[in-house]
Amino acid sequence: MAAAFGNFQARKDPEIEAVVARLEAEEDEREEAAARSEHPYDDEPYTTLLARLRAWLAEEKDRQAHNRLQMAIDHDFYDHLQWTEDDLATLADRGQAPLVFNRASLAINWLFGTAMRTKTDWAVKPRERDDEPMAPTKTKVMKFVSDVNYAVNCRLLAFKDALKGGLGWIDHGVELDPTRERVRLDYESWRNVWYDSRGRRIDYSDWRYVFREKYVDEDWALAMYPERAALIRASTISSDEPDTTDPDGWNSEDGELATGLGGSADNAFLRSRVTVANAWGATQVQRNRVRLTEAWYRVPKRRLRLWGPIFDGREYDPADETMRKAVEQKVCSVVGNVESEVRYAIWCAKGLLAEGPSPYKHNRFPLVPIFCYRRDRDGAPYGVIRGMRDAQEDYNKRASKALHILSTRGILFEEGAFVDEDEAREEFARPDFFLGYVRGYKVEVKTDIAMAQGHLDLMDRDALHMEASSGVTNELVAMQTQAVSGRAIEKRQQQGQLTTTEPFENYRLAIQFSGEITLSMIEQYYTEHRIVRITGAQGRDEFVEINQPQFDAAANDWRFLNDITERQADFIVSEQDFRESVRQAQFDTTMEFLARLPAEVALKFLDLAIELSDLDNKDEWLKRIRGMTGIPDPEEMKTPEGKAAAEERAQKAAMMEQIELRGILAELAGAEAKAQQLVAAGRRAETQAILDRINAIKTALEAGVTVVTVPGVTPAADVLLDGAGFPQGINPPLPAAPVQPAMPQPMAA
């Protein structure tokens with residue numbers, strides 16, 4: 001309690017010091033008496049439980065110590081802390097720059113940016129047929145909860161931890177503060193969490209426990225557990241003590257014992273990489289703090305459950321008359337089953353603060369992990385940087401060495417060549433050195449350009465290894481590449497996409513688990529009437545009312561509209577390809593195929609092509625296209641309302657088709673009548689033309705007869721034609737006069 005009376009210690013009056021000592025002793029006695037006061041947590045079985053939980057945590061700290069240290073180094077490499085303390089001292093003695101060309105962070109940033117740009121679609125699906133009407137409402141409420149908790153950002157931060165070190169955490173809980181949203185989702189640092197390292201199931205259902213440690217201000221801890229104030233004060237780290245604590249104990253004096261690393265030279269080297277990067281290892285804390293440990297653990301419970309057409313899977317209650325009769329009449333059978341029950345416990349250094357069953361119906365741990373990769377031997381997590389570290393470190397050292405070689409010169413000289421060797425050394429260090437030496441002595445300036453080039457060549461090999469290890473090739477990040485053809489670039493991009501598939505699949509799986517927990521907590525804790533606002537795809541605000549009370553006069557009772565706690569649903573992450581280029585290629589191929597089809601046929605498949613795209617407002621595009629084509633939405637057809645709406649649209653489409661068909665038939669009839677009129681008019685014109693030709697022939701024949709019978713009329717006709725403007729010299733041939741047959745002469749007598 002010296003810290004509580006620190007303001008009196010500045011005075012050196014012995015009388016005052018005696019008073020202070022007496023007050024401190026009395027305060028200590030009160031705390032000890034309070035600590036000895038009877039509390040259920042201070043007796044069995046809680047003391048045994050606390051000892052077992054502490055033993056589990058100590059075991060996990062020991063098992064995970066070495067890999068957690070490797071994870072910390074991975075994170076330091078991302079943060080450009082890539083040189084050890086000894087290497088930095090050596091470079092300082094040489095005057096060599098500790099260069100860091102961080103290709104590891106470039107790979108992580110590209111993967112993280114890809115995750116940020118990738119849209120992960122999810123929806124709430126009905127668990128049973130009767131749950132269908134509430135599924136869209138729960139989807140909207142889930143979106144509201146995600147928005148107010150910045151769920152996307154929290155999950156992305158956890159995913160970034162997984163990319164760097166191999167493991168990230170998403171936390172879920174409930175806020176009792178009425179000024180904040182009831183269901184909470186947050187990011188949790190991997191440095192605060194230890195898990196059951198023996199569990200290997202993909203859904204973590206075989207994990208026995210998860211621990212979390214955090215330092216909390218003393219006044220905050222006292223406000224949370226006022227009945228255990230004495231234990232909290234006894235466990236507090238005073239503000240006049242140096243802050244040499246950290247979650248893994250790397251910076252404490254007994255760090256080797258705290259982490260279980262042991263005293264080997266290799267482990268000491270690894271620890272030195274972390275301690276040199278800790279800027280707060282020995283700073284003075286200005287707040288009294290206490291370390292709280294939170295445990296979520298499973299215990300086996302044997303339960304009796306009913307199996308049959310009714311009460312299927314529900315826990316059997318002998319006091320329930322309906323259940324008892326169903327068993328007696330052999331409608332259902334009782335089956336004993338061993339199940340896990342999730343419980344929690346919170347303690348400080350001096351004792352247990354809280355313990356009990358999990359308040360959540362989902363019966364799962366509220367902390368959801370995101371793994372990048374897991375080691376097959378023991379399941380230890382590791383990230384993308386782990387396979388790049390050696391090449392990255394070699395890359396930096398060779399870059400620094402090459403620069404040092406190119407920036408310095410060596411001097412070989414015979415003793416006595418310079419009057420002042422120190423002065424000569426300083427002058428030779430200048431790029432424009434000007435120095436004389438004693439005649440007769442040999443002086444030679446050495447530069448090793450070839451060695452510098454060798455370092456640069458090996459740097460290229462390191463870069464290629466880092467690309468192959470991370471999967472982030474130069475083609476993916478649009479950097480200069482050795483691939484020259486488009487086909488080669490595409491193959492290199494596919495190589496990178498395949499290499500980075502597993503981290504993104506693990507991320508999608510974590511979103512699935514996180515969504516399931518969040519949906520369960522919404523169904524459990526959103527019991528009050530409220531109106532939530534969500535922002536639609538087009539930026540428009542939409543208000544959703546849930547748990548709306550309404551009095552049913554017929555039943556003389558209250559009922560609730562949009563009661564989201566009444567039924568259960570499932571959270572589903574849609575199967576989506578995280579590789580944008582693959583989705584784009586599928587979309588392009590589909591559009592090229594549709595372009596070769598007739599327009600009326602391509603329109604029927606256009607909605608399927610839009611499904612493959614990443615267009616903004618894609619749902620609105622699909623809605624309008626399907627409205628034009630009359631194709632029903634597959635999801636809409638799963639609900640009675642959707643089926644009715646689809647049938648109504650189909651009837652309207654059929655009516656429109658009938659109207660359109662009638663219009664087309666009317667147009668065809670009009671065109672046919674017009675064609676008949678044109679045919680009739682054409683026939684009349686043809687007949688008249690024939691008559692005109694006949695009359696012309698008749699007139700010509702009459703004129704010819706006149707010329708033949710009256711030969712003298714021809715010159716007069718020529719004069720008339722010349723006067724009418726006909727060209728001269730054109731004399732149409734006239735028909736020759738018929739030769740009269742000779743009359744037979746009478747024969748002489």
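Residues numbered from 1 in each chain as written. Predicted model: local features only at pLDDT ≥ 70, side-chain atom pairs only at ≥ 80, totals over all residues. Heavy atoms only, no water.

Enquirer: Can you tell me about the environment of D206, naming the residues and giving the values?
Expert: Summarising the element assignment, D206 is placed in the loop between β4 (193-195) and β5 (209-217). When its relative accessible area of 30% is taken as the criterion, D206 is described as partly exposed. A sequence separation of 92 residues divides D206 from R298, and the C-alpha atoms of the two residues are 9.3 Å apart. The residues contacting D206, other than those within four sequence positions of it, are D196, G199, R200 and R201. Among the polar contacts listed, one links the side chain of D206 to the backbone nitrogen of R200, at a separation of 2.9 Å. (Helix = DSSP H or I, 4+ residues; strand = E, 2+ residues; numbered from the N terminus. Buried < 20%, exposed > 50% of the residue type's maximum accessible area, 1.4 Å probe, protein only. Contact = heavy atoms within 4.5 Å. Polar contact = N/O pair within 3.5 Å; in protein donor to acceptor, adjacent residues only side chain to side chain.)

Enquirer: I'd like a rundown of the pattern of salt bridges, residues and numbers included.
Expert: Inspection of the entire model under this criterion finds 29 salt bridges. For E339, the salt bridge goes to R303, with nearest N and O atoms at 3.3 Å. Taken together, the positions of E339 in strand β8 (residues 333-348) and R303 in strand β7 (residues 289-307) put the pair 36 residues apart, joining distant regions of the chain. By the burial criterion, E339 is buried, and R303 matches it. Bridged by salt links that share partners, the residues D171, E175, R180, R184, E188, R212, K214 and E294 form one connected network. (Salt bridge = Lys/Arg side-chain N within 4 Å of Asp/Glu carboxyl O.)

Enquirer: If you had to explain the environment of F593 to someone new, which residues and values would you point to?
Expert: Locating F593 in the fold gives a position in helix α17 (residues 580-595). The exposure class assigned to F593 is partly exposed, which follows from its relative accessible area of 45%. The spatial distance from the C-alpha of F593 to the C-alpha of A609 is 10.0 Å, given a sequence separation of 16 residues.

Enquirer: Give a description of the side chain of H455 that names residues and reports values.
Expert: Tracing the backbone shows H455 in helix α14 (residues 449-470). Since its relative accessible area comes to 13%, H455 is described here as buried. Among the polar contacts made by the side chain of H455, one reaches the side chain of R398 at a distance of 3.1 Å. Not counting residues up to four positions away in its chain, the partners in contact with H455 are R398, K401, A402 and I405.

Enquirer: Residue-level account of the packing of aromatic side chains, with values.
Expert: Inspection of every chain in the model, using the stated rule, returns 20 aromatic pairs. With centroids separated by 6.3 Å and ring planes inclined at 80 degrees, the aromatic side chains of Y360 and Y525 adopt a geometry described as edge-to-face. Of this pair, Y360 sits in the loop between β9 (351-357) and β10 (367-371) while Y525 sits in helix α16 (residues 501-525), placing them 165 residues apart in sequence. With respect to class, Y360 is no different from Y525; both count as buried. Chaining the aromatic ring pairs together yields one cluster made of W169, Y195, Y204, W207, F371 and F513. Over the ring of F112 we find K160; its NZ or CZ atom is 4.8 Å from the centre of that ring. (Phe/Tyr/Trp six-rings, centres within 6.5 Å; stacked < 30°, edge-to-face > 60°. Lys NZ or Arg CZ within 6 Å of the ring centre and 35° of its normal.)

Enquirer: Any chance you could break down the confidence of the model for the chain for me, citing the residues and the numbers?
Expert: Residues shown with low pLDDT carry predicted positions that ought not to be read at fine detail. Averaged over all residues, the pLDDT of the chain is 78; the fraction at 70 or higher stands at 72%. Low pLDDT, under 50, characterises residues 1-12; the predicted model gives this stretch 15 contacts beyond four residues in sequence or across chains. Scored below 50 in pLDDT, residues 575-581 shows 21 contacts in the model against residues more than four places distant or in partner chains. (pLDDT = per-residue confidence, 0-100.)

Enquirer: Could you give me a rundown of helix α11 (residues 321-328), with the residues and numbers involved?
Expert: The distance from a side-chain oxygen at the start of α11 to the backbone nitrogen of T322 is 3.0 Å, and the residue carrying that oxygen is D320. Looking at the residues trailing α11, positive phi occurs at K330, about 60 degrees.

Enquirer: Any chance you could break down the sheet that holds β10 for me, citing the residues and the numbers?
Expert: Strand order in the open sheet formed by three strands is β3-β2-β10, with antiparallel pairing between adjacent strands. Of all strands in the sheet, those with a lone pairing partner are β3 (183-188) and β10, marking the two edges. On average, each strand axis in the sheet is tilted by 20 degrees relative to the strand beside it, whichever way the strands run. Pairing of strand β2 (residues 167-174) with β10, which is carried by five bridges, proceeds in the antiparallel orientation. Bridged to D171 within β10 is L367. On the sheet, α16 packs against β2, β3 and β10 and is oriented at approximately 170 degrees with respect to β10. (Pairing = 2+ DSSP bridges. Axes fitted to C-alpha atoms, helices over the stretch in contact; angles between N-to-C directions.)

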